[in-house]
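# Notes for the structure review
Each chain, letter by letter, is given below.
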Amino acid sequence: MTQAAFNSFLVALLLVPAVTFILRRWKKARVIPSSLLLLSLITGLFVAGISFWSGKHLAVDLSQWTPFPFALSIDRLSAFFLFLICVVAVPVTLFSSSYIERHYAGARRDWLWSLLPLFLMSMVLVVTASSAFAFLFGWELMTLFSAGLIVVDGDSQERRHNIFIYLLMMHAGAAAVVAAFLLFVPQAPALDFAQMRTSIALMPQSFRTAVFLLAFTGFGTKAGIIPLHLWLPKAHPIAPTPVSALMSAVMLKTAIYGFVRFGFDFLGPGPAWWGYLVLVAGGFSGVLGILYAIGEHDLKRLLAYSSVENIGIIYLALGTGLVFQANHAPIWATLALLAGLLHCLNHAIFKGLLFLGAGAISDSAHTLDLEELGGLLKRMRITGTAFLIACCSIAGLPLLNGFVSEWLLFRSFLAASGLTTLTGATMLPLAAGVLALVGGLAAACFAKVYGVAFLGRPRSDEAETACEVPRPMQIGMVLLAAACVVIGVAPGLVLAPLSATVQEFLPGAAMPQEAASLSAVIPWIALSVAVLVLAIASVRRIKRLTPTWACGLPALNSRMQYTATAFSKPLRQVFSRAYKPNRTVEVLPADQPYFPASISYRSVRTTSFEKSLYQPAIDAVVITAHRLRRLQTGNMQVYLLYIFAALIALLMFMRWS
Amino acid sequence: MGLFETEAAKALASSAVFLFITVLLMAAAKRISTCIMMFSAQSAVMAMQVLAIARMRHSREAYAIVALVLIVKAAAIPYALFRIVDALKAPRDVSSSTTSAQSIFIAAGLILLSFFAVKPYAGALGVDEAMLAAAVALILTGGFLMVSRKKALMQVVGLLVLDNGIFLAALTTTFGMPLVIEIGVVFDLLMGVFLMGLFAFRIRDTFEHLDVSKLRRLRG
Amino acid sequence: MTIAINVVQVLMLVLMAPLVRGVIARIKARIQNRRGASVLRPYSDLAKLFHKEDLVPPSASFVFRLAPVVMFAVTVVAAAFIPVLRSSALLGIRGDFFILVYVLALGRFFLLLGAMDGGSSFGGMGASREVLVSTLAETPLLLALMSLAMVAHTASIEKMVLWTTGQDFFELSAVHALAFAAMALVAIAETGRIPVDNPTTHLELTMIHEAMVLEYSGPSLALIEWAGAIKLTVIMALLVGLFLPWGMAATFSLPAVAIALVLWLVKLGGMALALALVESSVAKLRMYLVPDFLGVASALAILAVVFTALMR
């Protein structure tokens, strides 16, 4: 029955665009595409849930009708990621059913409802593929459909530039992934996953290292680790809100899925330096990502950089797992992998919620600039409370899901003290210091976001007149917030099947007892905090509304509050090496500095990677291309000479080899 | 061995920890007087170490060295330095070219470096690894203090710490240098301190400050 | 019986917290050649505040009044992690130090939000400064606790305390010395004492924690003040438990518990005296020198972690 449900899920996803196209003129049928998509996603959630919790394997094989082997199969890892996709996609679809109606009309609306299911379909394809062809097919489609969805929102010059960079970097990453697959061809010519898994023993070590590095680069580009993250803050903010949510929450996780498949499932145990490489990349991404986020005041770009930070945390976990695997400690590797995979799910849930909240904010206050918002909690109760839960989760505070995965990661770092190598026993615990710093900075960043946007007084008329969003949008956000709380208070629900998942591809893995002990203590702490809060809050405290004391001035206006830029100033000052700002202050008129008519202040932060890494690389490629142009002389006899010389060279090569 | 001897052995082993702490504190210190007090503490600890060795080996020369170290290095030299600092009436901060946090990171790095450097030798010579590492760390820290601190007095303190390190290294590997050499070294140091005191006044009177980096103006 | 003692421990920490504040203030006053207020003054302050009204800005949301409640609840839960009389604690069985640190962070996060909700410049100012201090203080705190956990081969606080009780004081290695130095510096930063922050100032230039709670009054302010005192007591008790735990009752007999109580009071008093001396002899750091201060703590903590492997 589950197999039939899965098949119908796939078919339904493909049906939605067709239905949208057919019904596009009929106004009364507006609700049909979204309902169909919602139903199919709920089916998918059901299928993924059954497969993940009970371990049932499913398969779909279409190889008879396709030139290359095209097969899908769901083992527990695929089921977990399919579950992740559906858990986020269902609330996002619910949200979009109202959001898209309010903001898009006519052809653009139809395009959105057609491309959205196709985008989801491509992601499903990637995580359930069991042959390289299916995987790569889905991989490229993900990029194309998401770019298409971004184009629907408008194609000004600047947007086209950003989309171009997005497509370029995604293709570069895909090229690396294709190369990684191709290296398996000598052993597994059909490039079927099962074949690749069993034939790895025949691959020489240098090939394995090459596969690892190619997979690391290729999937790293898609996941957005530093320095390959350049496309993230360009592409995520310009997409329509539901698409941003899916891109940030779900699409990045498909890259993690690919990396886990390659690094752990296909390649098996490798040398420890693989793990250290991943660990260092994760550390840098985590710290730099959140530092860049702190300096932002455009909400979507801030959330994009925060995704970079969370991917960094996931990579820290995966790197730790690789190091443990190399040191023959499979139970600790399980602990690290549990942390990484759970953080994938957690990040998907709370980042999806944060993006939906951003969509709600832009819907009611018509701006995403933090400096123009304020006081939204009083005007948008449900959105505000859901957003509060998301901010607390992403800050890694206890009783919510973000804390669980960070705790597991901390415990795996602690377990590293049992390693025998000096590098392992010192570097991994020190990575805990990096994680602590990243967690602290994330809490600071999201305290800023919530405090400036939702609390205090409105800083603009738009924020003053904001009102609550329609019911479907609220329900979408509440569902995700509930998921945050459930996983935070009862993590055992997810940890047990996750550890069974890891056991499927990691030999010798078993459920670590730290995970069990956490599931035992968190409910107690949640209970005690909740009981205390309720007890104290129920004690009657007389309240009197009085305006805040304004030091004797007539009244406080909203401009006297701290802005987001001001809030982050001390941190930006301390970490100024990451920012390198370009500041200009202009006072007019210049000859009267003490009685100015206007003062303008401009601070432009340059992300150092564009200037110091990408620009020289691009220049080098362009210069080389210019030099190679000399080969193109335009003279036909020279071209004939090239062919003739190649022929002679081949003859000599044949003779002397 | 009696009870005192076992306690002495244990105290000897943990005194290396105390020396590491003084190294870190000296690197992080912002006032000259803190550094002088750390140096005095270091010398006192080393005198105790020599005392423990003297009890274990019943050597009368060693008792003389204990007295020498205590009187000169732990008392006389710091007292002279404090008098110089008072008389100079200059600002009492250390004038470092690195911030407190950077200095302590560098000092931590030097400690780890000394551990790595002495690992092969400690086993071969049969001595306590921590003590030998502490000796090398003192030498390196003395050098670091001389390099990074701009006040003329801090150069002297750095030199004194360096000498402490050499003394400790000799103590660990050969259980002490002959008394004659010890006396010679200690009096050399005493002379050095008094000379530096004299020169500090001359420098201050001529240039009106004690910033060593400004001596570059003497370049032709 | 164990549960009874554990509950008594929590109540001790919660109810004695204002007394600790009062003692420190009294010692500081004596050092400054004043007579100082009575050590029971904080109790009368709390009683006075609980009788007053809560003044709330009209633009504030429910977060403004929720924040003090959460902060107080969180510090009480944190007090349940610390062994005082016996090496056992109410939440000690599986509660490890990560949960303790992050539970305190939860309270601080809500206090930051409450400060921003006040809608005045001081709230935002206090929040942004506090964020600087607390972000940089997390790393040395966690690394120092990790180094202790690695040496004791356990992450639970009560088991770490138990392990330390079994050691001889002179056998405690460089790891403990370095971890203690790092944690002492972080404790000063976390509890907002001189040289990081002045808990008695209300000058705009010098406030960090006080700026965050400037808009609060009445019972909300009482909860925040009490929570701050509990946090100070909890951190001091944590230091005592991790580094000087000898004398804890091994059995449930009355003499053993009485001796443990007296010894604990003496140790806590010693810590209070040390804190008062430090506060009176050092000047408050300029705010942008606080990262330097915490950088020193981080270096000590990193060295502690590396030493666990080196001195094995």
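Definitions and cut-offs
Residues numbered from 1 in each chain as written. Chains lettered and ligands numbered in written order. Predicted model: local features only at pLDDT ≥ 70, side-chain atom pairs only at ≥ 80, totals over all residues. Helix = DSSP H or I, 4+ residues; strand = E, 2+ residues; numbered from the N terminus. Buried ≥ 20, exposed ≤ 12 C-beta atoms within 10 Å, placed from the backbone. Contact = placed C-beta atoms within 7 Å. Rg over C-alpha atoms; globule rule 2.2 N^0.38 Å. Nonpolar A, V, L, I, M, F, W, Y, C, P; charged D, E, K, R; others polar. Axes fitted to C-alpha atoms, helices over the stretch in contact; angles between N-to-C directions. Left-handed = near helix turned anticlockwise from the far one by under 90°. Pairing = 2+ DSSP bridges. Core = buried A, V, L, I, M, F, W, Y, C linked by C-beta atoms within 7 Å. Domains from an automatic or database assignment.

Within chain B, the regular secondary structure consists of seven helices and zero strands. Residue burial in chain B is summarised as follows: out of 220 residues, 38% are buried. Relative to all contacts within chain B whose residues are 6 or more apart in sequence, the contacts with residues 24 or more apart total 74%.

Here we come to the overall build of chain A. Helix and strand counts for chain A stand at 25 helices and five strands. Taken against the 2.2 N^0.38 rule, which gives 26 Å for 657 residues, the C-alpha radius of gyration of chain A at 27 Å falls within 12% of a compact globule. Seen through its principal axes, chain A has C-alpha atoms that stretch 100 × 65 × 65 Å. In chain A, which comprises 657 residues, the proportion classed as buried is 53%. In chain A, the share of contacts with a sequence separation of at least 24, taken over all contacts with a separation of at least 6, comes to 80%.

Where interface size is given, it is often the accessible area lost as the parts come together that is meant. On the side of chain C, 13 residues touch chain B, which itself brings 16 residues to the contact. Counting only elements with at least two residues in the side of chain B that touches chain C, the list comes to helix 1 (3-28) and helix 4 (100-125) of chain B. Ranked by the residues each element gives to the side of chain B that touches chain C, the list is headed by helix 4 of chain B, at eight residues. Of the residues assigned to the side of chain B that touches chain C, the class counts are 12 nonpolar, three polar and one charged.

Time to look at the packing of helix 13 (residues 330-365) of chain A against helix 15 (residues 381-394) of chain A. All names here are of chain A. Contact geometry of helix 13 with helix 15 gives a least axis separation of 9 Å together with a crossing angle of 145°. The two elements helix 13 and helix 15 cross, and the hand of that crossing is left-handed. Of helix 15, the residues touching helix 13 (which contributes Asn346, Phe350, Leu353, Leu354, Gly357 and Ala360) are Thr383, Ala386, Phe387, Ala390, Ser393 and Ile394. For the contact of helix 13 with helix 15, the per-class residue count stands at eight nonpolar, four polar and no charged.

Below, the discussion takes up the interface of chain A and chain C. At the junction of the two partners, chain A supplies 65 residues and chain C supplies 61 residues. Looking at the side of chain A that touches chain C, the elements with two or more residues in it are helix 14 (376-379), helix 16 (401-415), helix 17 (422-454), helix 21 (513-538), strand 3 (543-545) and helix 22 (564-574) of chain A. When residues of the side of chain A that touches chain C are assigned to their parent elements, the largest contribution, 18 residues, is made by helix 17 of chain A. A breakdown of the residues in the side of chain A that touches chain C according to their chemical character gives 43 nonpolar, 15 polar and seven charged. As defined by bridge partners, strand 3 of chain A adjoins strand 1 (residues 54-56) of chain C across three bridges and the pair is classed as parallel. By the bridge assignment, Lys543(A) is partnered in strand 1 of chain C with Asp54(C).

Among two pairs of chains with at least one contact, chains A and C form the most extensive contact set. A gap remains between chain A and chain B, with no contact made and the closest C-alpha atoms lying 11 Å from each other.

What follows deals with the nonpolar core. Ile85(A), Ala182(C) and Ala304(C) are the most contacted members of the largest nonpolar core, which has 424 residues in total. Once you skip the residues sitting within four places of it in the chain, Ile85(A) turns out to touch Leu120(A), Met123(A), Val124(A), Val127(A) and Val250(A).

Moving on: the domain arrangement of chain A. Residue and element names in this part refer to chain A. Here chain A is described as being made up of domain 1 (1-194), domain 2 (269-527), domain 3 (561-608) and domain 4 (610-656). For domain 1 and domain 2, the distance between their C-alpha centroids amounts to 24 Å. Counting residues at the interface gives 18 residues for domain 1 and 24 residues for domain 2. When residues of the side of domain 1 that touches domain 2 are traced back to their parent elements, those giving at least two are helix 2 (31-54) and helix 3 (76-103). Ranked by residues supplied to the side of domain 1 that touches domain 2, first place goes to helix 3 with 14 residues.

Residue and element names in this part refer to chain A. Here Pro240 lies in the loop between helix 9 (232-235) and helix 10 (241-266). The exposure class of Pro240 is buried, given the 21 C-beta atoms found within 10 Å. The sequence separation of Pro240 and Gln632 amounts to 392 residues, and the corresponding C-alpha distance is 45 Å.

Moving on, we get to the environment of Glu204(C). Residue and element names in this part refer to chain C. Position of Glu204 among the secondary structure elements: in the loop between helix 7 (174-191) and helix 8 (209-212). For Glu204, a count of 13 C-beta atoms within 10 Å corresponds to the partly exposed category. As for Glu204 and Gly126, which are separated by 78 residues in sequence, their C-alpha atoms are 9.2 Å apart.

Let us now look at unusual backbone geometry. Here Ile226(A) and Pro227(A) are connected by a cis peptide whose omega angle stands at 5°. Summarising the element assignment, Pro227(A) is placed in the loop between helix 8 (205-223) and helix 9. The backbone of Leu191(A) shows a phi angle near 50°, a positive value even though the residue is not glycine. Along the polypeptide, Leu191(A) turns up in the loop between helix 6 (157-182) and helix 7 (193-198). We classify Leu191(A) as buried; it has 20 C-beta atoms within 10 Å. Positive phi values are uncommon outside glycine, yet Ser95(B) reaches one of about 50°. Structurally, the position occupied by Ser95(B) is in the loop between helix 3 (60-88) and helix 4. Look at Ser95(B) and you get buried, because 20 C-beta atoms sit within 10 Å.

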